[in-house]
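# Per-entry structural report
Residues per chain are reported as follows:
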Amino acid sequence: MAETVQFDLVSPERLLTSVQAREVQIPGAEGDLTAMANHAPLITTLRPGIVRVLSDQGEDEYAVTGGFAEINADSVSILAEQAIHRSDMTQDHFKTLVAHANERLIRAQETFKNEPGPVDDAAKLLADMVAMGDHMGLTGY
């Protein structure tokens, strides 16, 4: 049997999954990464994207909107702002997520007229959200 890590995915509402995983693919804010057994300790922020979990039960995917991942040699924990199993993501739910990201961009543009940093961050959040939907075959419009 392949080496595994304890994987837990938690959102504010509930624990979505807790399994022994061979690998966990994570949409890190600085780029995608894969965590496996004996990974060096790391804490990273998440961008909107798909978390893929490979275990003896197969592959599972979860859409996350952001949050944090803590990786250790024998465990991976994700604390997501929002998380939903890919099979539960509907077009309406996705449109709501995109609408919230778009509202955040509009507020940033109104609030930070001469400060591109926060506006750029909000635009990237919206772009990441749309890319996540494209990957799942959903559209935000």
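The structure contained in this document is the topic of the report that follows. (Residues numbered from 1 in each chain as written. Predicted model: local features only at pLDDT ≥ 70, side-chain atom pairs only at ≥ 80, totals over all residues. Heavy atoms only, no water.)

This next bit is on the layout of surface pockets. As a volume, the largest pocket reaches approximately 280 Å³. Lining the largest pocket are 14 residues, with Leu46, Arg47, Pro48, Asp121 and Leu125 positioned closest to its centre. Among the elements of the structure, β4 (42-46) and α2 (116-136) are those that each provide at least two residues to the lining of the largest pocket. Of the residues forming the lining of the largest pocket, the biggest block, four residues, is contributed by α2. When grouped by side-chain class, the residues that make up the lining of the largest pocket number four nonpolar, four polar and six charged. (1 Å grid on protein atoms, 1.4 Å probe; cavity = no way out; pocket = protein on both sides within 12 Å on 5 of 7 lines; lining within 4 Å. Points joined across faces, edges and corners; volume = space filled by probe spheres on them. Helix = DSSP H or I, 4+ residues; strand = E, 2+ residues; numbered from the N terminus. Nonpolar A, V, L, I, M, F, W, Y, C, P; charged D, E, K, R; others polar.)

To continue, consider helix α1 (residues 91-111). Along its 21 residues, α1 runs 30 Å from first to last C-alpha, staying within 8% of the 30 Å computed at 1.5 Å per residue. Among all positions in α1, only Phe94, Leu97, Val98, Ala101, Leu105 and Ala108 are buried. In an axial view of α1, the angular spread of the buried residues amounts to 95 degrees, which keeps them on one side of the axis. For α1, the exposed residues set more than 90 degrees away from the buried face come down to Asp92, Glu110 and Thr111. (Expected span 1.5 Å × (residues − 1). Buried < 20%, exposed > 50% of the residue type's maximum accessible area, 1.4 Å probe, protein only. Arc of directions from axis to C-beta.)

The next subject is the pattern of salt bridges. The final tally for this structure, using the stated rule, is six salt bridges. One salt bridge in this structure joins Arg47 and Asp32, with 2.8 Å as the shortest N-O distance. You can see Arg47 sitting in the loop between β4 and β5 (49-55) and its partner Asp32 sitting in strand β3 (residues 31-36), a full 15 residues away along the chain. Across the salt bridge formed by Arg52 and Glu59, the nearest N and O atoms sit 3.8 Å from each other. Put simply, Arg52, Glu59, Glu61 and Arg86 are held in one network by salt bridges that share partners. (Salt bridge = Lys/Arg side-chain N within 4 Å of Asp/Glu carboxyl O.)

Membership of the largest hydrophobic core comes to 21 residues, with the highest contact counts inside it found for Phe7, Leu9, Ile26, Val76 and Ile78. Mapped onto this core, the elements with two or more residues apiece are β1 (5-10), β2 (15-28), β5, β6 (58-64), β7 (67-71) and β8 (75-80). A per-element tally of this core places β2 first, with five residues. Leave out the neighbours within four places in its chain, and Ile26 touches Gly31, Asp32, Leu33, Ala35, Leu46, Ala69, Ile71, Val76 and Ile78. With 18 residues, the next largest nonpolar core counts Leu125, Leu126, Met132 and Leu138 among its residues. (Core = buried A, V, L, I, M, F, W, Y, C linked by side-chain atoms within 4.5 Å. Contact = heavy atoms within 4.5 Å.)

In this structure, Asn38 takes a positive phi of about 70 degrees despite not being glycine. Residue position: Asn38 is located in the loop between β3 and β4.

Below, the discussion takes up the environment of Phe68. The residue Phe68 is located in strand β7 in this model. The sequence separation of Phe68 and Ala80 amounts to 12 residues, and the corresponding C-alpha distance is 6.3 Å. When sequence neighbours within four positions are dropped, the list of residues in contact with Phe68 reads Thr44, Thr45, Leu46, Ser77, Ile78 and Leu79.

As defined by bridge partners, β1 adjoins β2 across six bridges and the pair is classed as antiparallel. Pairing of Val10 across the sheet is with Leu15, part of β2. With antiparallel pairing between neighbouring strands as the criterion, β1 and β2 make up a hairpin whose turn holds four residues. Here β2 pairs with β5 via four bridges, running antiparallel. Following the sheet pairing, Gln25 is matched in β5 by Arg52. Sheet topology note: the β2/β3 ladder contains six bridges and is antiparallel. When the bridges of β3 are listed, Pro27 appears paired with Asp32. Joining the antiparallel neighbours β2 and β3 is a turn of two residues. (Pairing = 2+ DSSP bridges.)

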